[in-house]
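So the chains spell out like this:
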Amino acid sequence: NGSKDAPIQIKPYGQGRKRPIINANGQGRWIQDYHAPIELHRNKAEVSSALLFRDVSYLEISGLELTNDREMNPAADPKEYNDGLALERTGLAGIAENGPVTHIVISDMYIHDVDGNIYDKHLANGGIYFMAHYPADGKPAAEPHNIARFDDLQILNNRVETVSRWGIAAGYTAYQNIIDQPQDDPIDDALIAKYGSSKVLIRGNYVKDAGGDAITVMYCDRPLVEHNVSDGAARYINATDYLHPYNIEGPQEAEWGRVAAAIWPWRCKNAIFQYNEAFHSRIAHCGNGDGQPWDADYGDGTVYQYNYSFANSGATVMFCGAGSMHNTFRYNIAHSDALGALDLAGQQDAHIYNNIFIMANGSSIITRGDAPAVIENNIFYKPDDVLEVTENWGSSS
């Protein structure tokens, strides 16, 4: 570990300060094991990472170039790129296992061509990924000083390009087995403060052509996600590439996990997303069950404000599931998101106001859902002058 006054620094030095390159080429292998079940997903696998740290606090990494390309060394993993058991790969992976990890700053990195497994969502698989495990004995820690989580995690001003599956993800945890009891209830403040990650800041990153989702925070307490760009998320989330997913119970139907959106939270408390831009998220017309720029997914108190979306294949925003509650969508501008404006997929009480929606031709204001919401003081403009609302919508206002 470093210390508050003297953090470990990994960065360029010397004259010229060129960006050093770590090219993993399928090497740098380690075994990831959550030591616990994690929903229906695989919880253990071999992973190749260009840069890995575990249980290290006060660490600042900047100015490097990381890559982990299948094509540079195909012998490292002879399976097809879309085999359900293809090698997991990461540019940068951070693991907490035996207690809290404090003050991690990842900035000014160039991470590209990380050709990981296109299916596994919650292994160290993509550009930048931070996760928390149970201890090796499989017993969840009870005392705060032993609980694996991240406190003061900053991911700043990085360029992440052509990676899979995730672009940037932070906070998934084995302690979801405690936090998610049950998923449809409000997230308890004391519970998420004890077991979730805190002081998480994701700012100023550019994520291009992520194989799945671009930027996601998970099981975080009041994270802030701002000034980021998602360009072309969900590259592999279609019926041509995404064919053979596996989970802990074996092969699954492809549709089970063929979903990805751009910038969104999973099971966070009071997450704020602001000043972000997302465009060209693929490919809701060809197998991707999502395709939205924004998705308030099973979280409590999510706020989207001052964001801009353009030409995404899904609706502008989804409020997903009965566990999605106390959400606010305000002061955003949406332009030509293909399916329309609002996807009310089971949420409880969204408040949607003071937004501008420039609708795509053939799209609907409400794309699906019959859950109540308050929708007021928005502007909906549609060039073809045909504004449609689904018949099964049960809005209270």
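Our subject is the structure that appears above.
Per chain, residues are indexed from 1 in the order of the written sequence. Totals for whole chains, interfaces and linings use all residues, but because this is a predicted model, local features are given only for residues with pLDDT of at least 70 and pairs of side-chain atoms are given and counted only at 80 or more. Think of the side-chain values as coming from all heavy atoms in the structure, minus any hydrogens and water.

Trainee: I would appreciate a short explanation of the sheet that holds strand β6 (residues 65-68) in the present structure.
Mentor: Within a sheet, each strand pairs with its neighbour through backbone hydrogen bonds, oriented either parallel or antiparallel. The strand order across the open sheet formed by eleven strands is β2-β6-β9-β12-β15-β19-β24-β27-β30-β33-β36, and the pairing between neighbours is parallel. The two strands at the open ends of the sheet, each matched to only one other strand, are β2 (21-23) and β36 (379-381). When strand polarity is set aside, the average angle formed by the axes of neighbouring strands in this sheet is 10 degrees. One requirement defines pairing of two strands: DSSP has to find at least two bridges between them. Numbered from the N terminus, helices here are DSSP runs of H or I no shorter than four residues, and strands are runs of E no shorter than two. Here β2 pairs with β6 via three bridges, running parallel. Bridge assignment links I21 to a residue of β6, and that residue is E65. Angles here are taken between N-to-C directions and fall from 0 to 180 degrees, while the axes themselves are lines fitted to C-alpha atoms, restricted in helices to the stretch in contact.

Trainee: How do you make sense of the packing of aromatic side chains when you look at a structure like this?
Mentor: Describing an aromatic ring pair means giving the distance of the ring centres and the angle of the ring planes. Stacked, edge-to-face and tilted are the three classes for Phe, Tyr and Trp ring pairs, Trp counted by its six-membered ring, which pair at centre distances within 6.5 Å; planes under 30 degrees apart are stacked, over 60 edge-to-face, the rest tilted. Taken as a whole and assessed by the stated rule, the structure comprises 19 aromatic pairs. Taken together, a centroid distance of 5.5 Å and an interplanar angle of 25 degrees make the contact between Y175 and Y195 stacked. Taken together, the residues Y175 in the loop between β13 (166-173) and α1 (176-179) and Y195 in helix α2 (residues 189-195) connect sequence positions 20 residues apart. Of the two residues, Y175 and Y195, neither departs from the other in class, the shared state being buried. Taken together, a centroid distance of 6.0 Å and an interplanar angle of 75 degrees make the contact between Y331 and Y353 edge-to-face. Taken together, the residues Y331 in the loop between β29 (328-330) and β30 (333-335) and Y353 in strand β32 (residues 350-353) connect sequence positions 22 residues apart. Burial classes: relative accessible area under 20% of the type maximum marks a residue as buried, over 50% as exposed, and values in between as partly exposed (1.4 Å probe, protein chains only). Y331 gets classed as partly exposed once you look at its relative accessible area, which sits at 34%. By way of ring pairs, the aromatic residues F273, W294, Y304, F329, F357 and F380 are connected into one cluster.

Trainee: Can you walk me through the environment of Y242 in this structure?
Mentor: By the secondary structure assignment, Y242 is in the loop between β19 (229-231) and β20 (246-247). For the pair Y242 and H335, spaced 93 residues apart in sequence, the C-alpha to C-alpha distance is 28 Å. The contact rule is simple, with two residues in contact once any of their heavy atoms fall within 4.5 Å. Excluding residues within four positions of it along the chain, Y242 makes contact with I118, Y119, R165, Y236, I237, A254, G257 and R258. Here the side chain of Y242 touches G257 through a polar contact of 3.0 Å, landing on its backbone oxygen. As used in this structure description, the phrase polar contact means that two N or O atoms lie within 3.5 Å; if the pair is within protein, one of them must be able to donate a hydrogen and the other to accept it, and residues adjacent in sequence are counted only when both atoms belong to side chains.

Trainee: Would you take a moment to explain a nonpolar patch on the surface for this structure?
Mentor: Like-charged residues within 9 Å of one another, or nonpolar side chains (Val, Leu, Ile, Met, Phe, Trp, Tyr) within 5 Å, are grouped into patches, provided each residue has over 30% relative accessible area and no salt bridge. The Shrake-Rupley method, run with a 1.4 Å probe, gives the accessible areas here. Residue values count only the displayed protein chains as cover. When a carboxyl oxygen of Asp or Glu is within 4 Å of a side-chain nitrogen of Lys or Arg, the pair counts as a salt bridge. Taken together, the side chains of Y308, I333, I356, I379 and Y381 define a hydrophobic patch exposed on the protein surface, amounting to about 450 Å² of accessible area. You can call Y308 partly exposed: its relative accessible area is 32%.

Trainee: Please clarify how the sheet that holds strand β16 (residues 215-218) should be interpreted in this entry.
Mentor: Read from one edge of the open sheet, eleven strands run β3-β4-β7-β10-β13-β16-β22-β25-β28-β31-β34, paired in mixed fashion. Strands at the two margins of the open sheet, each flanked by one partner only, are β3 (29-33) and β34 (364-368). Each strand axis lies, on average, 25 degrees off the axis of its neighbour in the sheet, ignoring direction. The pairing of β16 with strand β22 (residues 263-266) spans four bridges and is parallel. The residue of β22 that forms the bridge with I215 is I263.

Trainee: Any chance you could explain the state of the cysteines here in plain terms?
Mentor: Chemically, a disulfide is nothing more than a covalent bond linking the sulfur atoms of two cysteines. To count as a disulfide, a pair of cysteine sulfur atoms needs to be within 2.5 Å. Applying the stated rule across the entire model yields zero disulfides. Considering cysteine sulfurs only, C220 is the nearest to C268, which forms no disulfide, with 4.6 Å between them. On the basis of relative accessible area, C268 is assigned to the buried category, the value being 0%.

Trainee: Can you walk me through the pattern of salt bridges in this structure?
Mentor: Pairing is possible between side chains of opposite charge, provided their charged atoms come close. Tallied over the full model, the rule gives 20 salt bridges. Here D213 makes a salt bridge to R165, at a shortest N to O gap of 3.8 Å. A residue pair is termed long-range when its members are at least 10 positions apart, and D213 in the loop between β15 (206-208) and β16 and R165 in the loop between β12 (159-164) and β13 qualify at 48 residues. Like D213, the residue R165 is buried in the burial classification.

Trainee: Could you clarify how one ought to interpret the nonpolar core in this entry?
Mentor: Buried together is how nonpolar side chains tend to be arranged in soluble globular proteins. Nonpolar core, defined: a set of buried Ala, Val, Leu, Ile, Met, Phe, Trp, Tyr and Cys residues in which side-chain atoms within 4.5 Å join the residues together. In terms of nonpolar packing, the biggest core is built from 92 residues, with I61, L92, I128, F130, Y172, I202 and L342 touching the most fellow members. With eight residues, the next largest nonpolar core counts I118, I237, A254 and A260 among its residues.

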